Amino acid sequence: QLQLVESGGGLVQPGGSLRLSCAASGYTLGYYAIGWFRQAPGKEREGVSCISKTGSSTNYSDSVKGRFTISSDNDKYTVYLQMNSLKPEDTAVYYCAAGSSCDYHDMDYWGKGTLVTVSS
């Protein structure tokens, strides 16, 4: 069964950068769409970015577009989220998820999350 483990979170100052990793095991990563989601305290979970099964397309929420980049390394069974120009509003627990498509309801496998804190 597919398992996902996030890493790379931590404390960063506004304007700084972090790279999150989502390591997969159990199945070939290329068989799944992989999405990044986040949940801030007191807020609903929201989609951040997603990469399709084939890697032919990616998408981003308006709030992170131009600042975040999703990428994959299928040989390492890992998907990355490069986060630049971080803002305090980006503070959240970030989750990666895998499924048949980038639709939220198609995400069947979830990691436990990694905390990103953006603060001075």
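See the structure shown above.
Residues numbered from 1 in each chain as written. Predicted model: local features only at pLDDT ≥ 70, side-chain atom pairs only at ≥ 80, totals over all residues. Heavy atoms only, no water.

**Side note on unusual backbone geometry**
Stage number 1. One non-glycine residue, Y77, lies in positive phi territory at about 55°.
Stage number 2. One can find Y77 in the loop between β7 (68–73) and β8 (78–83).
Stage number 3. The exposure class of Y77 is partly exposed, given its relative accessible area of 37%.
Stage number 4. For S85, which is not a glycine, the phi torsion comes out positive at approximately 50°.
Stage number 5. Positionally, S85 belongs in the loop between β8 and β9 (92–99). (Helix = DSSP H or I, 4+ residues; strand = E, 2+ residues; numbered from the N terminus. Buried < 20%, exposed > 50% of the residue type's maximum accessible area, 1.4 Å probe, protein only.)

**What to know about the environment of K112**
Stage number 1. Its place among the elements puts K112 in the loop between β10 (107–110) and β11 (114–118).
Stage number 2. With relative accessibility at 79%, the residue K112 sits in the exposed group.
Stage number 3. Considering only alpha carbons, one finds K112 and S7, 105 residues apart in sequence, at a separation of 9.9 Å.
Stage number 4. When sequence neighbours within four positions are dropped, the list of residues in contact with K112 reads L4, E6 and Y95. (Contact = heavy atoms within 4.5 Å.)

**Remarks on the state of the cysteines**
Stage number 1. The final tally for this structure, using the stated rule, is two disulfides.
Stage number 2. Sulfur-sulfur distance for the disulfide between C22 and C96 comes to 2.1 Å. Residues C22 and C96 share a disulfide whose torsion about the S-S bond is about 70°; that sign makes it right-handed. In this pair, C22 is assigned in strand β3 (residues 18–25) and C96 in strand β9, connecting sequence segments 74 residues apart. Summarising the burial analysis for this pair, C22 and C96 share the class buried.
Stage number 3. In this model C50 forms its disulfide with C102; the gap between the sulfur atoms is 2.0 Å. As the torsion about the S-S bond is roughly -85°, the C50-C102 disulfide counts as left-handed. Within this pair, whereas C50 is found in strand β5 (residues 46–51), its partner C102 is found in the loop between β9 and β10, the two being separated by 52 residues in sequence. (Disulfide = S-S within 2.5 Å.)

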